[in-house]
Amino acid sequence: MKFFKENSYDIVKLFINQIGITIFSFMLYTAVAMIEDQDLFLKINVFVSVFAILFYFSLLYTAAWDVGAKDKIRIDSGKALSTPTKGLKMSLLANIPNFILAVFAIAFMGIYMLGGNEWFYSAFFVLNMLIRFISAMFLGLIQGVFSFLATDDPTNASFCPYYFWQTVGFLVGPILSVIVTHFGYKMGSLEKKLFGFLVSSKKK
């Protein structure tokens, strides 16, 4: 709790970045939705999703790098102690909503597929909609990756694995976000830029 209070601004900022990219992704998906050819639609949807994800990760990296660089100044001046896992902790806290929604959605769909009643499917459906709403940047890529599991009849029981594995994909997304944020903070705390070697070569 103490860690959250001390870093609440940066943690909330990470989550706000996610919501911002989600809105941006929906705008891009809306434009793509006008394409009638399903194969072309799927391919462009994946491309749009990858673009949005890379943009999102760059925002996370930059935000974490800035925090790491500021902390280095305070640590060097003796005003703060070194916390190598700070970026990791910040991102884990910022992604709590994503992890909770994905884990429970996977559990509910898994129980339903194993013979659970319709309540579990209904609960999964609600959580699944929330996940897609707050993590839209991953949606196109996940749909493309698991498109081979899709059927023409969503009401068919065989369609469940498609939803299940999509939700697993939405669990992987936040994990990657945590890794990117941790890496960004680490680089910032060392005052190393990701493409710093390009700058050095130009100076030479």
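Residues numbered from 1 in each chain as written. Predicted model: local features only at pLDDT ≥ 70, side-chain atom pairs only at ≥ 80, totals over all residues. Heavy atoms only, no water.

A look at the overall build of the protein
Note the cut-off: Counting from the N terminus, the helices are DSSP H or I runs at least four residues long and the strands are E runs at least two residues long. Exposed residues in this analysis have more than 50% of their type's maximum accessible area, buried residues have under 20%, and partly exposed residues fall in between, with area computed by a 1.4 Å probe over protein chains only. Two residues form a contact once any of their heavy atoms are found within 4.5 Å. Only the protein chains shown count as cover for residues, with accessible areas throughout obtained via the Shrake-Rupley method and a probe of 1.4 Å. Here Asp and Glu are counted as negative and Lys and Arg as positive; His is not counted, and neither are the chain ends. We put the charge of a Lys on NZ, of an Arg on CZ, of an Asp on CG and of a Glu on CD.
Each helix and strand in the protein was counted, giving eight helices and zero strands. Listing every helix and strand of the protein by position from the N terminus yields α-α-α-α-α-α-α-α. With respect to the three principal axes, the spread of C-alpha positions in the protein is 65 × 40 × 25 Å. Looking at the protein as a whole, 38% of its 204 residues qualify as buried. Taking all contacts inside the protein whose residues are at least 6 apart in sequence as the whole, residues at least 24 apart take part in 76%. Of the roughly 12,000 Å² of accessible surface on the protein, a fraction of 71% belongs to carbon and sulfur atoms. Taking the average location of the 17 positive side-chain charges in the protein and that of its 12 negative ones, the two points are 19 Å from each other.

Quick notes on the layout of surface pockets
The test is simple: Grid points spaced at 1 Å over the protein atoms alone were grouped into cavities, where a 1.4 Å probe fits but cannot get out, and pockets, open sets with protein on both sides within 12 Å along at least five of seven lines, with lining residues defined by an atom within 4 Å of a point. Grid points are joined across faces, edges and corners, and a volume is the space filled by probe spheres set on the points. Lys, Arg, Asp and Glu make up the charged group, whereas Ala, Val, Leu, Ile, Met, Phe, Trp, Tyr, Cys and Pro make up the nonpolar group; the residues left over, Gly among them, are polar.
Roughly 470 Å³ of internal volume is contained in the largest pocket. The wall of the largest pocket is formed by 22 residues, among which Asn-7, Val-67, Asp-71, Arg-74 and Lys-86 lie closest to the centre. Those elements that place two or more of their residues in the lining of the largest pocket are α1 (2-32), α2 (38-76) and α3 (86-94). In the lining of the largest pocket, the residues fall into 11 nonpolar, two polar and nine charged. Estimated volume of the second largest pocket: approximately 240 Å³. Around the second largest pocket, the lining residues are Gln-38, Asp-39, Phe-41, Leu-42, Asn-45, Gln-143, Ser-147, Ala-150 and Tyr-162. Counting residues per element, the lining of the second largest pocket draws most heavily on α2, which supplies five residues. Tallied by class, residues from the lining of the second largest pocket come to four nonpolar, four polar and one charged.

As for the pattern of salt bridges
Counted only if it meets this: Salt bridge, as used here: a side-chain nitrogen of Lys or Arg that lies within 4 Å of a carboxyl oxygen of Asp or Glu.
By the definition in use, this model includes three salt bridges. Close ionic contact of Arg-74 with Asp-71 constitutes a salt bridge, the shortest N to O distance being 3.8 Å. With Arg-74 and Asp-71 both in helix α2, this residue pair falls three residues apart, about one helical turn. Looking at Asp-71, the relative accessible area reads 9%, which means it is buried. Close ionic contact of Lys-86 with Asp-71 constitutes a salt bridge, the shortest N to O distance being 2.8 Å. One end of the pair, Lys-86, is in helix α3; the other, Asp-71, is in helix α2, and 15 residues separate them in sequence. Put simply, Asp-71, Arg-74 and Lys-86 are held in one network by salt bridges that share partners.

Examining the packing of α2 against helix α6 (residues 136-145)
Test applied: Interaxial angles span 0 to 180 degrees and are taken between N-to-C directions of axes, which are lines fitted to C-alpha atoms, for helices over the stretch in contact. Note on terminology: angles under 35 degrees are roughly parallel, angles over 145 are roughly antiparallel, angles of 65 to 115 are roughly perpendicular, and the others are oblique. Take the far helix as your reference; a near helix turned counterclockwise from it by less than a right angle gives a left-handed crossing, and one turned clockwise gives a right-handed crossing.
It is the contact of α2 with α6, at a shortest axis distance of 7 Å, that shows an interaxial angle of 135°. Taken as axis vectors, α2 and α6 run oblique relative to one another. Like other packed secondary-structure pairs, α2 and α6 cross with a definite hand, here left-handed. Mapping the contact onto sequence places Leu-42, Asn-45, Val-46, Ser-49, Val-50, Ala-52, Ile-53, Tyr-56 and Phe-57 in α2 and Met-137, Phe-138, Leu-139, Gly-140, Leu-141, Gln-143 and Gly-144 in α6.

What about empty space enclosed by the protein?
Under the counting rule described, the total for this entry stands at two cavities of 30 Å³ or more. For the largest cavity, the calculated volume is near 40 Å³. Around the largest cavity, the lining residues are Leu-14, Phe-15, Gln-18, Tyr-56, Leu-60, Ser-91, Ala-94, Asn-95 and Thr-181. Sorting the residues of the lining of the largest cavity by element identifies α1, α2 and α3 as the ones contributing at least two each. Considered as a void within the structure, the second largest cavity measures approximately 30 Å³ in volume. Lining the second largest cavity, in full, are Gln-18, Tyr-56, Asn-95, Asn-98, Ser-135, Met-137, Phe-138, Pro-174 and Ser-177. Contributing elements (two or more residues each) for the lining of the second largest cavity: α6 and α7 (160-189). Tallied by class, the residues present in the lining of the second largest cavity amount to four nonpolar, five polar and no charged.

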